[in-house]
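# Chains, contacts and geometry: an overview
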Amino acid sequence: MVSNRMFILACLLTVLLPRQSIDAQVRGGAARGEDAEKPRVLVLATGGTIASRAGSSTQVSGYSIGFTGDQLLAMIPGVEDIADVTVEQFSNIPSGSMSVERWIAMSNRITELLEGPDDYDGVVVTHGTDTLDETAFFLHLTVKSDKPVVCTGAMRPSSSVSADGPMNLFNSIRLAGDPSARGMGVMVMLNDEINSAREVYKSDTHRVETFQSGALGFLGWVDSDGVVFYRKPLRRHTADSEFDISDREDLPRVDIVYTYIGVDEYAVKGFVEAGAKGLIIEGIGAGGAPSSFRSAYRLMSEAGIVTVRGSRTPDGRVTGGVDTLPAHKARILLMLALTITDDRSEIQRIFGEY
Ligand code: ASP
């Protein structure tokens, strides 16, 4: 008798409880009720494997660009339950065709979308994975907003069986619309894992779990019950960054010199001739260089080039140098630093703060 009454009470409660609290029970703390306003998310589509189509559904190489951002969105029915999504087609290119000019236009556009009259709650950038970590880091240093910006992509073309792109896009939209992602800077979201743009790198040429953050670790997960963060980036980024590219069309030239046993000064000579203003020296161990490289240092100082020492060892710090960034990201930071100063101690401060 008692359990019958309990059953009837439970049924009544289910019918009478406001929709929002049922959602909250089912979907956890991040849920929004039907009456609550859904986040407004803009998807900026740029191309890459996520926008690619292959000849058959089992072909995962030898594909080419074949989907627009709108077509990608149509692959994730149900997304309208979690956000109001608008798509803007920024480009439709493989990520090897990105450029500094495109980065500047993209960053300024994202700032406008988040802080201008449109006032979006978050932006998702779909992008090829090959250079996604570079674009993400550039945006991390230059977008002037603390609202979420999420970069995503795919390792399999979106025409393939078990394509990873549609779920990556779905989870990225959810992350970009989640209030807990505010202030986290630019994030990279693939394979349910949230990485900071500063640490993330592509670790594997083919596997879907390719994006990793090395010794410093990823930030959290996007799971079926919502977004979960475990840590927050402490280095300066986005709204707290001192770099202003709003009126720029390009950046000072910075190149990278990789070192190895027997390396000499010839690559440096070429970069000096090409007009480099800065060089990242991808050194050995804790930022040293092989003895065969000595003559290059004279060339660099005669040319007045700003140099920053890094290391080809993937994890760990280079004291007084690059400090945990890989060379292709250190290059981006030095290009931006050189828009402000060529004073070496100031540049060292910047490498310590970002
Ligand atoms: N070639 C592709 C690109 O970076 C690779 C990818 O998106 O996974 O555009």
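Here's what I pulled together on the structure shown here. Just so it is clear, the model here is predicted, and its values are computed rather than measured.

Definitions and cut-offs
Counting from 1, residues in each chain are numbered in the order their sequence is written. In keeping with the model being predicted, local features are shown solely for residues with a pLDDT of at least 70 and side-chain atom pairs are shown and tallied solely at 80 or more, while totals for entire chains, interfaces and linings include all residues. As a rule here, side-chain values come from all non-hydrogen atoms in the structure, and water together with hydrogens is ignored. Helix and strand definitions follow DSSP, with helices as H or I runs of at least four residues and strands as E runs of at least two, each counted in order from the N terminus. Any pair of residues with heavy atoms lying within 4.5 Å of one another is described as a contacting pair. Areas reported as accessible are Shrake-Rupley estimates using a 1.4 Å probe. Residue values count occlusion only from the protein chains shown. Residue exposure (1.4 Å probe, protein chains only): buried if accessible area is under 20% of the type maximum, exposed if over 50%, otherwise partly exposed. Throughout, the term near means that a residue has one or more heavy atoms lying within 4 Å of the molecule or strand in question. Here a polar contact means two N or O atoms within 3.5 Å. Within protein one must be a hydrogen donor candidate and the other an acceptor candidate, and residues neighboring in sequence count only if both atoms are side-chain atoms. All residues other than Ala, Val, Leu, Ile, Met, Phe, Trp, Tyr, Cys, Pro, Asp, Glu, Lys and Arg, Gly among them, are scored as polar; the first ten of these are nonpolar and the last four charged. Criterion used throughout: strands pair if DSSP finds at least two bridges between them. Lines fitted to the C-alpha atoms define the axes, with helices restricted to the stretch that makes contact. Angles between their N-to-C directions range from 0 to 180 degrees.

Let us now look at the overall build of the chain. Within the chain one finds 10 helices and 15 strands. At a minimum sequence separation of 6, the contacts of the chain that also span at least 24 residues come to 71%. As displayed, the chain has an accessible area near 16500 Å², and 51% of this comes from carbon and sulfur atoms.

Taken across its 11 residues, helix H9 (residues 327-337) has nine buried, putting it largely inside the fold. Buried within H9 we find Ala-327, Lys-329, Ala-330, Ile-332, Leu-333, Leu-334, Met-335, Leu-336 and Ala-337. Each element contacted by the buried residues of H9 is listed here: helix H4 (100-115), helix H5 (132-142), strand E13 (254-258), strand E14 (278-283), strand E15 (306-311) and helix H10 (344-353).

As a matter of local geometry, the ligand sits amid Gly-48, Thr-49, Pro-94, Ser-95, Gly-128, Thr-129, Asp-130 and Ala-154. The backbone of Thr-49 places a nitrogen or oxygen atom 2.9 Å from an oxygen atom of the ligand. One of the backbone nitrogen or oxygen atoms of Ala-154 is found 3.2 Å away from an oxygen atom of the ligand. In isolation the ligand has 270 Å² of accessible area, and contact with the protein removes 85% of it. In terms of residue class, the shell around the ligand is made up of two nonpolar, five polar and one charged.

Looking now at the sheet that holds E13. Strand pairs in the sheet, formed through backbone hydrogen bonds, run parallel or antiparallel to each other. Strand order in the open sheet made by the three strands is E13-E14-E15, with parallel pairing throughout. At either margin of the open sheet sits one strand with a lone partner, and together these are E13 and E15. This sheet shows a mean twist of 20° between the axes of neighbouring strands, independent of strand direction. Pairing analysis gives five bridges linking E13 to E14, with the strands arranged parallel. The partner of Val-254 across the bridge, within E14, is Gly-278. Sitting on the sheet, H9 touches E13, E14 and E15, and the angle it makes with E14 is about 155°.

The next subject is the side chain of Lys-147. Within the element layout of this structure, Lys-147 appears in the loop between H5 and strand E6 (149-152). Residues within four places of Lys-147 in sequence aside, it is in contact with Leu-114, Glu-115, Asp-119, Tyr-120, Asp-121 and Arg-182.

Next up on the list: the sheet that holds strand E7 (residues 186-190). Taking strand neighbours across the sheet as the criterion, the eight strands line up as E4-E1-E5-E6-E7-E8-E11-E12 in an open arrangement whose pairing is mixed. Among the strands making up the open sheet, the edge pair consists of strand E4 (84-93) and strand E12 (226-229). Here the strands of the sheet are splayed against their neighbours by 25° on average, with no regard to which way each runs. In the sheet, strand E11 (residues 220-223) pairs with E12 via four bridges, with the strands oriented antiparallel. Counted as the bridge partner of Gly-220 is Phe-229 from E12. Contacts between H5 and the sheet are confined to strand E5 (122-126), E6, E7 and strand E8 (193-196), with E7 contributing the most and set at about 150° to the helix. Against the sheet, helix H6 (residues 165-176) engages strand E1 (40-47), E4, E5, E6, E7, E8, E11 and E12, with an angle of about 155° to E5.

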